[in-house]
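Structure at a glance
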Amino acid sequence: QKIRIPDDWTDAGWVNPTEELELTFALKQQNTDLLEEILRLVSDPDSAQYGKHLTLEEVSSLVHPTELTQKVVHHWLQSHGITNCLTVRTRDFLQCTMTAEVAEKLLPGSKFHRYIRDDHSLVRSSAPYSVHDDVHQHLDFVAGLHRLPPKGQDLRKASSNRKQKRSKAGLHLGVTPSILRARYNLTATDVGTAKNNSQAVAQFLEQYFNPADLAEFMGMYGRSFKHLSQVDRVVGIQGAGKAGIEASLDVEYIMSTGANISTWVFTNQGRHESQEPFLQWIVLLSNMSDLPWVHTISYGDDEDSLSTAFMMRINTEFMKAGVRGISLLFASGDSGAGCKHLGKGQNTFRPSFPASSPYVTTVGGTSFKNPFKITYEITDYISGGGFSNVFKMPDYQASAVDGYLKTVAATLPPPSYFNTSGRAYPDMAALSDNYWVVINRVPVPWVSGTSASTPVVGGMLSLINDQRMLKGRPALGFLNPRLYKLKGQALFDVTEGCHLSCLDEQVQGKGFCAAPSWDPVTGCGTPNYPALLAALLAE
């Protein structure tokens, strides 16, 4: 059937047959079950293998495709005259450049058109394509044909449609680095000092951070603690466009929370309009042996808009990062439980991916109970959360989630709205409401979203990694098994408030609600830094 192109993209017609495209071929891997088992062992603090992470070379020798798979795929491409291909260290991705005419012959059925949204132009095929049976069994997916990037949340809008009216006199605090440090109990000495530590933000919208904004932000808000005012490395092409709010937010808050720690930015690699920026970052992870230990990513798409084959393979890529000791933090999204209309007045909640992946740490959002002072936290009603419809609940969270489902059984949304046996998220949370961000040299208030809370948690994990490294210990890596074993210790439990969902008769806009211990709005809670540091430093 025809692939549905979202309504906000306009079809600008067929692409010139000689136009160059880049397609990404995900080759079938070996030993993915063993990879999952290794991830479990190196991430479980009660295992003798805890912290014994693998190098990229070791990951490669474990998962690389069989000789047969490599031969069949290479031969197939060469028989169509496709020779301009790049591979990665793990040999399980090929990125090949070819003309649209060749691509349509290689993948019968595909028809490449240009699609335009705002000032963003992409080349995709809305027609289904086929791959020869002999080759099909050696591929997980081909990328660069169907998926269009989700529209980024408007982070200013997230704030302007907030329920509380701002008529009250008195200055609303807004969130700045010093407010975060006060709430989460970081002192001026909680900054990085380890030589081999680093952290990263990855962003995939057509946005750029402006180095002058970062310097200005640190000058205004970073005076009370030692910090860096520039990014150490940009991977990808920083466009000369306007600075984006999202890009500025991510960089400014990971660098003011994970203060004085070397920071990288992964940004759009877009040389070709057929590339998928999120996938570019995934591919890069398999091609760089030296990577930052913590990555925070504010990217998500509806689970139901992605193929299961694609998500399964991306999960394997997350496992490959986890066994190397890399922590991946994803924002849980800004649509609460989400809502999918099934027709005839029937609705269901709508989980988001990669937030719903069992192999990443997903971060939700909170607000201050009293927005005029530093008080305890309640839910931020936009905080993404819920239960995957694709991935089953991992063992590490089963008892925590089970506890929630029993405790709030009487007030849960109707069972037809969510899958109680799915991976439940988020895993933890932090403030996500009313941040100050410097953009185009001007401080801007009221920026909100889980793309604010995620780099804040990421920066704290970087500080903990820093202390671990000074003691000669390995990085935290995939945090979830250890996080859930804390059973809420070292975290502030959020127990008040709900998040949004379907506006219908049955649920009336209300998704899940916070409760003691874990809940699908704020996860296990928000970080009490000194207690979390102590808990995660313990042998």
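What you see is a predicted model, and the numbers here were worked out from it, not measured in a lab.

A closer look at the overall build of the protein
Scanning the protein from N- to C-terminus turns up 15 helices and 27 strands. In summary, the protein has a C-alpha radius of gyration of 23 Å against a globular reference of 24 Å for 539 residues, a match within 12%. Projected onto its principal axes, the C-alpha coordinates of the protein cover approximately 65 × 55 × 50 Å. A separation of at least 24 residues holds for 81% of the contacts in the protein among residues at least 6 apart in sequence. Accessible surface, the protein: about 21600 Å² in total, of which carbon and sulfur atoms supply 53%. Between the centroid of the 49 positive side chains of the protein and the centroid of its 53 negative side chains there is a distance of 4 Å.

So, the nonpolar core
In this structure, Phe266, Phe278, Trp281, Phe318, Phe387, Tyr435 and Leu461 are the most contacted members of the largest nonpolar core, which totals 119 residues. Those residues in contact with Leu461 that sit more than four places away from it in its chain are Val294, Leu329, Leu476, Leu479 and Leu536. With 23 residues, the next largest nonpolar core counts Leu94, Cys96, Ala103 and Val142 among its residues.

Observations concerning the pattern of salt bridges
Tallied over the entire structure, the rule returns 19 salt bridges. Between Asp92 and Lys320 there is a salt bridge whose closest N-O contact spans 2.6 Å. Of the two residues, Asp92 sits in the loop between β3 (85-87) and β4 (93-99) while Lys320 sits in helix α11 (residues 308-323), which places them 228 residues apart along the sequence. Taken as a pair, Asp92 and Lys320 share a single burial class, namely buried. One salt bridge connects Asp140 with Arg313, and the closest N-O pair in it is separated by 2.9 Å. You can see Asp140 sitting in strand β7 (residues 139-143) and its partner Arg313 sitting in helix α11, a full 173 residues away along the chain. Judged by relative accessible area, Asp140 falls into the partly exposed class, the value being 21%. Three or more residues joined by partner-sharing salt bridges are found here, namely Lys28, Asp92, Asp140, Arg313, Glu317 and Lys320.

Topic: the environment of Lys487
You can see Lys487 is positioned in the loop between α14 (480-485) and β24 (491-492). C-alpha separation for the pair Lys487 and Cys524, spaced 37 residues apart in sequence, amounts to 7.7 Å.

As for the sheet that holds β7
The sheet built from four strands is open, its strands ordered β3-β4-β2-β7 with antiparallel pairing. Looking at strand neighbours, the two that pair on one side only are β3 and β7, the edges of this open sheet. Here the strands of the sheet are splayed against their neighbours by 20 degrees on average, with no regard to which way each runs. Alignment of strand β2 (residues 20-27) against β7, held across four bridges, turns out to be antiparallel. Counterpart to Ala26 in the pairing with β7 is Phe141. Along the sheet, helix α3 (residues 67-79) contacts β2, β3, β4 and β7; its crossing angle with β2, the most-contacted strand, is approximately 160 degrees.

Let's talk about the UniProt feature "active site" (unreviewed entry) in the protein
Mapped onto the present numbering, the UniProt feature "active site" (unreviewed entry) falls at Glu246, Asp250 and Ser451. A stretch of 206 residues holds the annotated residues, and the largest C-alpha distance among them is 7.3 Å, short enough that they meet in one place. Along the polypeptide, Asp250 turns up in helix α9 (residues 245-257). On the accessibility criterion, Asp250 (0% relative accessible area) is buried.

Some points on the sheet that holds strand β6 (residues 120-125)
Taken in spatial order, the three strands make up an open sheet running β1-β5-β6, and their pairing is antiparallel. Two strands lie at the open edges of the sheet, namely β1 (10-14) and β6, each paired on one side alone. The sheet shows a mean angle of 30 degrees between the axes of neighbouring strands, direction not considered. Alignment of β1 against strand β5 (residues 112-117), held across three bridges, turns out to be antiparallel. Bridging from a neighbouring strand, Thr10 pairs with Ile116 of β5.

Things to note about the state of the cysteines
Taken as a whole and judged by the stated rule, the model has three disulfides. Here Cys85 engages in a disulfide with Cys96; their sulfurs sit 2.1 Å apart. On the sign convention where negative means left-handed, the S-S torsion of about 110 degrees between Cys85 and Cys96 marks this disulfide as right-handed. Of the two residues, Cys85 is situated in strand β3 and Cys96 in strand β4; the sequence distance between them amounts to 11 residues. Here Cys85 falls in the partly exposed class, since its relative accessible area comes to 26%. There is a disulfide in this structure between Cys339 and Cys502, and the S-S distance comes to 2.1 Å. What sets the handedness of the Cys339 and Cys502 disulfide is the S-S torsion sign, and at about 110 degrees it is right-handed. Of the two residues, Cys339 sits in the loop between β13 (327-331) and β14 (340-343) while Cys502 sits in the loop between β25 (498-500) and β26 (510-513), which places them 163 residues apart along the sequence. Within the protein, bonded cysteines paired by disulfides and numbered along the sequence follow the pattern 1-2, 3-5, 4-6. Cys524 takes part in no disulfide bond, and the closest cysteine sulfur to it belongs to Cys513, at a distance of 18 Å. Relative accessible area serves as the criterion here: at 7%, Cys524 is assigned to the buried category.

Considering the confidence of the model for the protein
Across the protein, the average pLDDT comes to 91, with 93% of residues at or above 70. In the model, residues 157-170 has pLDDT below 50 throughout and makes 20 contacts with residues more than four positions away in sequence or in other chains.

What to know about the packing of aromatic side chains
Each aromatic ring pair is characterised by the separation of its centres together with the angle its planes make. Counted according to the given criterion, the structure contains 25 aromatic pairs. Aromatic side chains Phe278 and Phe330 sit 6.4 Å apart centroid to centroid with 75 degrees between the ring planes, which places their arrangement in the edge-to-face category. Taken together, the residues span a long stretch of sequence, with Phe278 in helix α10 (residues 277-285) and Phe330 in strand β13 at a distance of 52 residues. Of the two residues, Phe278 and Phe330, neither departs from the other in class, the shared state being buried. Site record: aromatic cluster; members linked through ring pairs are Phe204, Phe278, Trp281, Tyr299, Phe318, Phe330, Phe353 and Phe391. Directly above the aromatic system of Phe225 lies the positively charged group of Arg181, at a separation of 4.1 Å from the ring centroid.

Rules used throughout
- Residue indices follow the written sequence of each chain, beginning from 1 at its first position.
- At least 70 in pLDDT is required for a residue's local features to be given in this predicted model, at least 80 for side-chain atom pairs to be given and counted, and no such filter applies to totals for whole chains, interfaces and linings, which use all residues.
- Calculation of side-chain values draws on the structure's entire complement of heavy atoms; hydrogens and water are dropped beforehand.
- The numbering of helices and of strands both runs from the N terminus, where a helix is a DSSP run of H or I of at least 4 residues and a strand a run of E of at least 2.
- The globule rule is 2.2 Å times the number of residues to the power 0.38, and the radius of gyration it is compared with is taken over C-alpha atoms.
- Residue contacts are counted whenever heavy atoms from the two residues lie within 4.5 Å of one another.
- Every accessible area reported is derived by Shrake-Rupley at a probe size of 1.4 Å, with residue values counting cover from the shown protein chains alone.
- Charge convention: Lys and Arg are scored as positive, Asp and Glu as negative, and His as well as the terminal groups of each chain are ignored.
- Taken as the charge centre is NZ of Lys, CZ of Arg, CG of Asp or CD of Glu, depending on the residue.
- The set of buried Ala, Val, Leu, Ile, Met, Phe, Trp, Tyr and Cys residues whose side-chain atoms join them within 4.5 Å is what this entry labels a nonpolar core.
- Partly exposed residues are those whose accessible area sits between 20% and 50% of the maximum for their type, while under 20% is buried and over 50% is exposed, using a 1.4 Å probe and protein chains only.
- Counted as salt bridges are all cases of a side-chain nitrogen of Lys or Arg within 4 Å of a carboxyl oxygen of Asp or Glu.
- Strands were regarded as paired on the criterion that DSSP finds at least two bridges between them.
- Axes, fitted as lines to C-alpha atoms, cover a helix only where it is in contact. Angles between the N-to-C directions of the axes lie from 0 to 180 degrees.
- UniProt positions are given in the numbering used here, feature names are shortened, and annotations may be inferred rather than shown by experiment.
- What counts as a disulfide here is a pair of cysteine sulfur atoms lying within 2.5 Å.
- What pLDDT reports is the predictor's confidence in each residue, on a scale of 0 through 100.
- Aromatic pairing here means that ring centres of Phe, Tyr or Trp (its six-membered ring) are within 6.5 Å. Orientation follows from the plane angle: under 30 degrees is stacked, over 60 is edge-to-face, and everything else is tilted.
- Working rule: Lys NZ or Arg CZ, within 6 Å of ring centre, within 35 degrees of ring normal, means a charge sits over the ring.

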